[in-house]
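Descriptive structure summary
Given next are the chains, with one letter for each unit.
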Amino acid sequence: MNNTAKYKFLIQQHKTMIYNYSFYMLKNKMDADDVAQEVLIRIWQNLGKFNMLAAKAWIMRVTHNLCLDYLRKKKNELSRSYFIDEEAEEFISDNVEINNPAIKTHVVMLTSKVKEAIKELPENLRSVFVMYQMQGMKYKEISKTLDLPLGTVKVNLLRARKKLQEGLRHYETQE
Amino acid sequence: MKHKNNYIVDAEMLNKIISAAYDDASLKERYIVYKASKKRAEIKALLEEYRSTARSVNALPLEECPNEITDSASNKFIPKEKRNASFLFDVYSTFFSRPLLSAVAATMIIIAMLTSILFYERNHQTTYSMEEIERANDQVKYALTIVKDAFNKSNNILTEDILTNKIAKPIGEGIKYVNTLLMEEN
């Protein structure tokens, strides 16, 4: 497999993971676009330097590190985040097969709330939660990617789930 | 199995409830949570609450990477003529990018191989015509006749030649010789 084929194969396989992770870590699409693009460039530049079988861990580590760099840089800048995720709402609204408009609206609202609650999780818990819960990564893969002990990964996941529940309760009380 | 403190919601129990709600608890933990939820409404409510969140999280669609991002990155590195993916590459990457799909494909190939072997064997057995069966029967009979002839010949040789000429005759001659010697001595 030549470099072009390798690159295309890796992009095809991991582009959604890269983007989804960046989106939840950076909390907005514009920043996620920037980081995802930077990750793709890094993949091309380092094609020969990593094992194809361990590519997923390498790519996710690069994505994670770039997200952290981005968050550090952005810390003192004005946040570009927008809280109403219109595109996601449109997606759900188009894809949820519920005839009752009231229930449909409730599902859309709930999904939006869950997304916001995930984004509100602390950075270290959010990374583990998104990797495990949304991207289906195993504990070992996450441990390798984030360079954390397996026990810490499990504890962080549990904390994230508790925090998320608290966050959603908070939304409900606000309503 | 009775849980300590009558199924009280301590930190340990809460962890079990969360794991059970997110479907990654062990069988034992699930059983404990199930029993506890039957006994205590508080635990049942907590389990339902976490389950509902887990369902919502699992239903969240992944954020798809916009094509402009992959395109603009590809445009930087990949020569124009190699940018458009071929049909074979699409098939290849579709299968390899989804482990479930490759597992299903592998299983289907194995099932196809096994069924074709089994059906071939069955068809093979049922494709004999009556003529062929009769011919095979005749051939078996002919083979058995040859074997029978060979046994008869062996039997004749054994009884007529070997037993009489080569065994009984020398024994008789030996006895005769011994008798002659004994008579001479007397």
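Attention in this report is confined to the structure presented alongside it. (Residues numbered from 1 in each chain as written. Chains lettered and ligands numbered in written order. Predicted model: local features only at pLDDT ≥ 70, side-chain atom pairs only at ≥ 80, totals over all residues.)

1. Let's talk about the overall build of chain B
When helices and strands are counted, chain B shows 8 helices and 0 strands. Reading the helices (α) and strands (β) of chain B from amino to carboxyl end gives α-α-α-α-α-α-α-α. Burial status across chain B gives 11% buried among its 186 residues. A sequence separation of at least 24 residues applies to 49% of the contacts in chain B between residues at least 6 apart. (Helix = DSSP H or I, 4+ residues; strand = E, 2+ residues; numbered from the N terminus. Buried ≥ 20, exposed ≤ 12 C-beta atoms within 10 Å, placed from the backbone. Contact = placed C-beta atoms within 7 Å.)

2. Some points on the packing of helix α6 (residues 123-134) of chain A against helix α7 (residues 139-146) of chain A
Residues and elements named next belong to chain A. One way to put it is that α6 packs onto α7 with a least axis distance of 10 Å and a crossing angle of 140 degrees. Overall, the two elements α6 and α7 adopt an arrangement that is oblique. Seen from above, α6 lies across α7 with right-handed handedness. Here S127, V128, M131 and Y132 of α6 come into contact with α7, specifically with I142, T145 and L146. Across the contact of α6 with α7, the residue classes tally to 5 nonpolar, 2 polar and no charged. (Axes fitted to C-alpha atoms, helices over the stretch in contact; angles between N-to-C directions. Parallel < 35°, antiparallel > 145°, perpendicular 65-115°, else oblique. Left-handed = near helix turned anticlockwise from the far one by under 90°. Nonpolar A, V, L, I, M, F, W, Y, C, P; charged D, E, K, R; others polar.)

3. Here we look at unusual backbone geometry
A positive phi angle, near 70 degrees, is found at A:K27, a position not held by glycine. With respect to the element layout, A:K27 can be found in the loop between α1 (3-26) and α2 (29-45). The exposure class assigned to A:K27 is buried, which follows from the 22 C-beta atoms found within 10 Å. Although it is not a glycine, B:D23 sits at a positive phi angle of roughly 65 degrees. Counting through the fold element by element, B:D23 comes out in the loop between α1 (11-21) and α2 (27-39). Looking at B:D23, the number of C-beta atoms within 10 Å reads 10, which means it is exposed.

4. Observations regarding helix α3 (residues 55-74) of chain A
Residue and element names in this part refer to chain A. Compared with an ideal rise of 1.5 Å per residue, which puts 20 residues at 28 Å, α3 spans 28 Å between its outermost C-alpha atoms and is within 8% of the ideal. Along α3, the positions that sit buried rather than exposed are W58, I59, M60, T63, H64, L66 and C67. The inward-facing, buried residues of α3 abut α1, α2, α6 and α7. (Expected span 1.5 Å × (residues − 1).)

5. Quick word on the packing of α1(B) against α2(B)
All names here are of chain B. As a packed pair, α1 and α2 sit with axes 9 Å apart at the nearest point and diverge in direction by 105 degrees. One way to sum up the angle between α1 and α2 is to call them roughly perpendicular. Note on element contacts: α2 touches α1 through E29, R30, I32, V33 and A36, opposite M13, K16, I17, S19 and A20. Looking at the contact of α1 with α2 residue by residue, the classes come out as 6 nonpolar, 1 polar and 3 charged.

6. Some remarks on the environment of A:Q13
All names here are of chain A. Here Q13 shows up in helix α1. For Q13, a count of 16 C-beta atoms within 10 Å gives the class partly exposed. With 43 residues separating them along the chain, Q13 and K56 place their C-alpha atoms 8.9 Å apart.

7. A short note on the interface of chain B and chain A
If you look at the interface, chain B gives 27 residues, while chain A gives 32 residues. Every element with two or more residues in the side of chain B that touches chain A is listed here: α1, α3 (41-59), α4 (67-77) and α6 (87-97) of chain B. Among the elements that make up the side of chain B that touches chain A, the one with the highest residue count is α3(B) (6 residues). Of the residues assigned to the side of chain B that touches chain A, the class counts are 16 nonpolar, 7 polar and 4 charged.

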